[in-house]
Amino acid sequence: MGKTDLARVLTIAGSDSGGGAGIQADIKTCTALGVYAMTAVTSITAQNTRGVSAVYDLPPELVVKQIDAVAEDIGIDAAKTGMLSNTGIIEAVADSVVAHAIPNLVVDPVMVATSGDPLLEDSAQEALRSRLIPLAHVLTPNVPEAEALTGIRIARVDDLREAARALYELGPRHVLMKGGHLDTPDATDYLFDGVRFHEFSLPRVNTTNTHGTGCTYAAAIAAYLAKGCDVPEAVRRAKEYLTKALQHSISLGRGHGPVNHCWPLQE
């Protein structure tokens, strides 16, 4: 890669007017990690630290046009999906991933915002399972998302491992089970490659400023994959980046404040 070349990451996700999650979080994350961010907006949300007050889904054909424009000119080293709120958008994105042979796809199966507001139509879950998840290089569900996708009740680490195996059977190359919702002393995530589990554990950060954590984690993984890291190394570095973003989080608004995506630029 030449001196003027940058690794290129495409984020396919919703817009968060509050700036803490979605497309905005992904751009900030990629920029902080020295990666060139490109976007395909899937939905526009009216959102702040307290919740989502309105959602407007873009037509699937416009989502495809955005992906085409980036892929046919700039190129893509890795991609990340976030909010894909309906079946039409999910199918359109899956078709585009195949058509452009997009590498290093990180699928964050976004279903609910940090505030608890739904971001995925119930009828779209099957399209997520059958069309997009099989294309993922890395799938990054949290515990509630994994429960919804598998029907497995996750209360212990053994349950989490069972869910990881079930999700792997859907076709992704790697499943990263985020353990933040489990009642454990540390925040431990489990990466399953079909053969073994890799564990990534760091101390929990005591903060309510958690808006955008899932988006940020997945975007950071995509950024490190675009820069040439293998999956375990990308996850390790991304988790360290997210943990510091939580440690340096920002108390904005009256709800769940955002993580500090730009902490590397402030040290």
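Before any of the text, the structure's been laid out above.
None of these values were measured; they are calculated from a predicted model.

A. Up close: the overall build of the chain. Counting secondary structure elements, the chain contains 8 helices and 9 strands. Viewed in the frame of its principal axes, the chain has a C-alpha envelope of about 45 × 40 × 40 Å. For the chain, the residues scored as buried account for 54% of the 267 residues in total. Taking all contacts inside the chain whose residues are at least 6 apart in sequence as the whole, residues at least 24 apart take part in 67%. On the chain, roughly 11500 Å² of surface is accessible, and the fraction owed to carbon and sulfur atoms is 50%. In the chain, the 22 positive side-chain charges and the 31 negative ones have mean positions that sit 6 Å from each other.

B. Focus on a nonpolar patch on the surface. A surface patch of nonpolar side chains, amounting to about 260 Å² of accessible area, comprises Leu6, Tyr36 and Ile74. By the secondary structure assignment, Tyr36 is in strand S2 (residues 36–48). Taking the relative accessible area as the measure of exposure, Tyr36 reaches 40% and is therefore partly exposed.

C. Region of interest: the packing of helix H3 (residues 87–99) against helix H4 (residues 125–132). Contact pair H3 / H4: the axes reach a minimum separation of 9 Å and the direction vectors enclose 10 degrees. When the axes of H3 and H4 are compared, the pair comes out roughly parallel. In this structure, H3 contributes Thr87, Ile90, Glu91, Val93, Ala94 and Asp95 to the contact, and H4 contributes Ala127, Leu128, Arg131 and Leu132. Among the residues making up the contact of H3 with H4, the classes are represented as 6 nonpolar, 1 polar and 3 charged.

D. Expanded view of the pattern of salt bridges. In this structure the tally under the stated criterion is 12 salt bridges. We note a salt bridge from Asp77 to Arg8, for which the minimum N-O separation is 2.8 Å. With Asp77 in the loop between helix H2 (60–71) and strand S4 (78–81) and Arg8 in strand S1 (residues 8–16), the pair connects residues that are 69 residues apart, well separated along the chain. On the basis of relative accessible area, Asp77 is assigned to the buried category, the value being 18%. Arg8 gets classed as partly exposed once you look at its relative accessible area, which sits at 25%. A salt bridge links Arg156 to Asp159, with the nearest nitrogen and oxygen atoms 3.7 Å apart. Relative accessible area serves as the criterion here: at 13%, Asp159 is assigned to the buried category.

E. Broad picture of the state of the cysteines. A full pass over the atoms with the stated rule returns 0 disulfides. Between Cys30, a free cysteine, and Cys262, which holds the nearest cysteine sulfur, the sulfur-to-sulfur gap is 12 Å. Between Cys229, a free cysteine, and Cys30, which holds the nearest cysteine sulfur, the sulfur-to-sulfur gap is 13 Å. Looking at Cys229, the relative accessible area reads 16%, which means it is buried.

F. Highlighting the pairing of strand S8 (residues 186–192). Most of S8 is tucked away, with 6 of its 7 residues classed as buried. Strand direction decides the pairing type here: strand S7 (residues 175–177) and S8, joined by 3 bridges, are antiparallel. For Met177, the partnering residue across the bridge sits in S8 and is Tyr190. Pairing between S8 and strand S9 (residues 197–203): 7 bridges, direction antiparallel. Bridging across to S9, Ala187 finds its partner in Leu202. Here S8 hands over to S9 after 4 residues, with Gly194 in that stretch at a positive phi of 95 degrees.

Rules and cut-offs
- Residues numbered from 1 in each chain as written.
- Predicted model: local features only at pLDDT ≥ 70, side-chain atom pairs only at ≥ 80, totals over all residues.
- Heavy atoms only, no water.
- Helix = DSSP H or I, 4+ residues; strand = E, 2+ residues; numbered from the N terminus.
- Buried < 20%, exposed > 50% of the residue type's maximum accessible area, 1.4 Å probe, protein only.
- Contact = heavy atoms within 4.5 Å.
- Areas by Shrake-Rupley, 256 points an atom, 1.4 Å probe, with all protein chains shown as cover.
- Lys, Arg positive; Asp, Glu negative; His and termini not counted.
- Charge placed at Lys NZ, Arg CZ, Asp CG, Glu CD.
- Patch = residues over 30% accessible without salt bridge, like charges linked within 9 Å, V, L, I, M, F, W, Y side chains within 5 Å.
- Salt bridge = Lys/Arg side-chain N within 4 Å of Asp/Glu carboxyl O.
- Axes fitted to C-alpha atoms, helices over the stretch in contact; angles between N-to-C directions.
- Parallel < 35°, antiparallel > 145°, perpendicular 65-115°, else oblique.
- Nonpolar A, V, L, I, M, F, W, Y, C, P; charged D, E, K, R; others polar.
- Disulfide = S-S within 2.5 Å.
- Pairing = 2+ DSSP bridges.

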